Amino acid sequence: MDALKQNDVHIASSNGEVKRLVVGGEVAIGLVDTDDAEEARASGAHIVTVYPDQDGMGTLLMPTSLVLMRGAPHADAGRRLIDCLLGPDVEQRLAEHGAHIPLRPGVPVPEGVRPAADIRAMHVDYSALAARMREMEPWLRQWVGL
Amino acid sequence: MAAVCLLLLVLLPLVSLLVQWLGSAGLAHAGELLGSARLGLLLGKTLALAMATTALALLIGVPLGALLARTDVAGRGLALGLHAFPLFLPPFLVALGWFQLLGRGGIWGTPLSARLLFAPLGVIAVLGLVFSPIVTGLTLLGLRGVDPSLEQAARVVAPPGRVMRRVLLPLAWPAIAFAALLVFALSVSELGVPALLRVQTYPAAVFARLAGQTYAPGEAFALVLPLLAVALVLLGLERRFLGARSFSSLKARGASLTTWPLGRARPWVSAGVWCLVFLGLYPLLALAWRARTASLGALLDWMGATPGQSLRVAALTGTVVATLGVVLGTRLARGRRFSAFLDALGVLAFIMPSAVLGVGLVATFHHRATHFIYATTAMLVVGLVARYFIVGVRTFASSVSQSPVELEQAAALAGAGYLRRMSRIVVPMHARALFATWLLAMVFALRDLDMVVLFYPPGRETLPIRIFTLEANGPVAILCGLACVHVVLTAGILAIGGLVYWRWSRT
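Computed from a prediction, not measured in an experiment: that's the story for all the values here. (Residues numbered from 1 in each chain as written. Chains lettered and ligands numbered in written order. Predicted model: local features only at pLDDT ≥ 70, side-chain atom pairs only at ≥ 80, totals over all residues.)

Quick word on the nonpolar core
Within the largest apolar cluster, 170 residues are counted, with the highest numbers of intra-cluster contacts made by B:Val224, B:Val359 and B:Tyr388. In contact with B:Tyr388, other than residues within four places in its own chain, are B:Thr317, B:Val321, B:Phe350, B:Ala441, B:Phe444 and B:Ala445. Listed in part, the seven residues of the second largest apolar core include A:Val22, A:Val23, A:Val32 and A:Ala37. (Core = buried A, V, L, I, M, F, W, Y, C linked by C-beta atoms within 7 Å. Buried ≥ 20, exposed ≤ 12 C-beta atoms within 10 Å, placed from the backbone. Contact = placed C-beta atoms within 7 Å.)

Quick look at the packing of helix 22 (residues 406–413) of chain B against helix 23 (residues 418–429) of chain B
Residue and element names in this part refer to chain B. Contact geometry for helix 22 and helix 23: axes closest at 10 Å, N-to-C directions at 150°. Judged by the twist between their axes, the crossing of helix 22 over helix 23 is right-handed. Counting all contacts with helix 22, which are made through Leu407, Glu408, Ala411 and Ala412, the residues of helix 23 involved are Arg421, Ile425 and Val426. (Axes fitted to C-alpha atoms, helices over the stretch in contact; angles between N-to-C directions. Helix = DSSP H or I, 4+ residues; strand = E, 2+ residues; numbered from the N terminus. Left-handed = near helix turned anticlockwise from the far one by under 90°.)

Details of the domain arrangement of chain A
All names here are of chain A. Under the domain assignment used here, chain A contains domain 1 (1–50) and domain 2 (62–146). One C-alpha centre belongs to domain 1, the other to domain 2; they are set 21 Å apart. With eight residues of domain 1 in contact, the opposing surface of domain 2 contributes nine residues. The greatest single-element share of the side of domain 1 that touches domain 2, amounting to four residues, is contributed by helix 3 (residues 34–42). Tallied by class, residues from the side of domain 1 that touches domain 2 come to two nonpolar, two polar and four charged. (Domains from an automatic or database assignment. Nonpolar A, V, L, I, M, F, W, Y, C, P; charged D, E, K, R; others polar.)

Examining helix 9 (residues 160–171) of chain B
Residue and element names in this part refer to chain B. Regarding helix 9, the residues found buried are Val163, Met164 and Leu168. End-on, the buried residues of helix 9 take up no more than an arc of 95°, which puts them together on one face. Set apart from the buried face of helix 9 by more than 90 degrees, the exposed residues are Arg162, Arg165, Arg166 and Pro170. (Arc of directions from axis to C-beta.)

Focus on the interface of chain A and chain B
Taken together, the contact between chain A and chain B spans 13 residues of the former and 13 residues of the latter. If you list the elements that add at least two residues to the side of chain A that touches chain B, you get helix 2 (15–23) and helix 6 (126–144) of chain A. The residue makeup of the side of chain A that touches chain B, split by class, is one nonpolar, seven polar and five charged.

Right, dumping it as structure tokens:
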């Protein structure tokens with residue numbers, strides 16, 4: 001991370017800003033989500049979407065998560081909402097309108113987005129990652145200058 | 001009762017902050033955090049940015065205020081109104097307009113303009129221009145408050161320029177100094193403009209610990225302490241050098257003041273003034289230009305209920321502030337017991353960085369027992385009233401101080417109680433001031449971002465919050481469209497309010 005910073009990397013405040021920096025030609029490459037890359041491509045920008053490390057550790061695929069809080073006052077309604085949001089219809093709409101990568105095979109993806117089956121995904125232990133992130137947060141804030 | 005409300009809204013959050021700080025994990029490494037060279041430099045940089053912004057605002061506002069107050073510049077009234085208008089908008093919205101103008105892909109953008117904009121210089125220029133109307137307006141009021149006989153005596157022996165420099169401006173210094181203090185305080189607090197222009201500031205370090213994944217309230221509580229110290233120093237300066245003069249200086253004299261003719265220089269000076277006025281309006285025109293491709297349907301979708309929420313919160317805030325203004329403003333104008341203390345508390349709440357008051361309010365209200373406030377629109381109103389009640393107090397006090405106290409004393413001698421005196425004498429006599437107070441508080445609440453973004457309940461965001469959160473990822477045309485909606489909303493409220501006030505003045 002320190003070497004990355006010394007390499008004159010630009011630390012942006014959001015994916016949207018990364019998109020603007022790349023589309024505007026201020027930086028050569030930027031790390032974003034598929035929806036930002038797809039928005040840039042659809043707007044006519046001359047960009048290419050690259051899924052990094054396909055020959056190595058694989059690309060980080062971050063799931064969009066739903067959480068039902070323990071002791072939630074309307075748990076049944078929450079479960080019904082979760083079931084609805086995890087349904088194939090919503091998954092297709094998220095893919096069409098937000099360039100999300102569907103997990104169900106057979107759900108069509110927009111042009112420019114790869115199906116999950118075609119992506120070599122990085123193996124991630126999210127529990128370990130969450131614990132490590134909590135430890136790293138003070139250092140990360142220092143790294144970005146806050 | 002009003003005093004109790006203020007103590008709850010302002011003093012209690014500061015006490016809660018201290019209690020939280022003492023009891024939180026943040027204390028464990030507070031010394032390391034506060035002693036960090038990196039954060040010390042960030043604080044120093046933020047204060048330097050604020051000082052440079054204040055200097056620029058003074059450079060623009062003092063000469064402009066003097067010209068508009070005392071010369072025959074063409075269209076003075078309209079120039080002042082249009083110059084002041086951007087002040088009533090969230091500053092980051094104006095910065096968004098400058099981004100559309102001078103960013104790399106902007107209407108007039110070049111790599112050089114983008115490099116200059118996305119830098120401390122850009123922050124200083126944008127904020128200096130946005131806040132300069134504070135200096136312009138207070139300079140104008142300060143000059144109009146000068147005893148005309150002093151000016152007339154000076155004019156016998158000196159030309160107008162020398163009279164302005166050596167007599168009038170020095171006499172108007174309390175108003176100008178108050179303006180400088182306000183600009184400095186607002187600049188230190190500012191979160192949206194530096195964030196948009198990619199300049200890191202100290203309030204961002206506090207915000208980063210209250211938002212998203214890196215939630216560390218203990219550290220946030222520790223970090224606001226230097227900001228609280230800055231606020232106390234500013235309050236000390238205000239009390240020491242300004243005190244009551246800062247609100248009494250807002251009184252305009254009834255005697256007619258001579259207008260100084262500019263002669264052959266009038267077209268050039270007028271052109272210069274209007275160029276400066278339009279400089280403040282160009283970013284708004286850029287927003288409108290960029291918004292032209294946004295479809296109405298998409299705009300309404302993205303906007304949701306935020307304009308209604310903004311108006312609701314602003315109107316409620318205005319009503320509470322106006323009510324507090326009537327009660328406490330009258331006390332301040334009449335020099336009643338504890339009024340100076342409450343006034344100082346109000347000034348402190350206004351000039352302290354939003355992060356301090358905001359974090360204190362979170363510490364006070366983020367509990368199960370107060371969930372009915374914290375999780376609702378009431379929390380926004382509470383925060384905005386705490387921040388802006390001094391606007392109501394000072395505005396109403398300025399009006400009351402111009403009326404004789406004998407009327408109220410006579411009513412008291414005749415047996416009229418407090419409520420009867422207020423409802424039958426003070427409020428009717430100063431009804432226009434009450435309306436102006438309500439309007440001013442409403443506009444301040446409408447434009448606020450730095451406070452409400454710290455604790456807005458999910459689903460209750462106001463339009464500035466929606467624009468701020470969308471700025472990162474939203475479509476540009478929609479973003480600019482939402483900004484234009486906010487501009488139109490503010491212009492509408494000011495126009496309707498101004499018309500009502502004007503019609504009222506004529507009856």
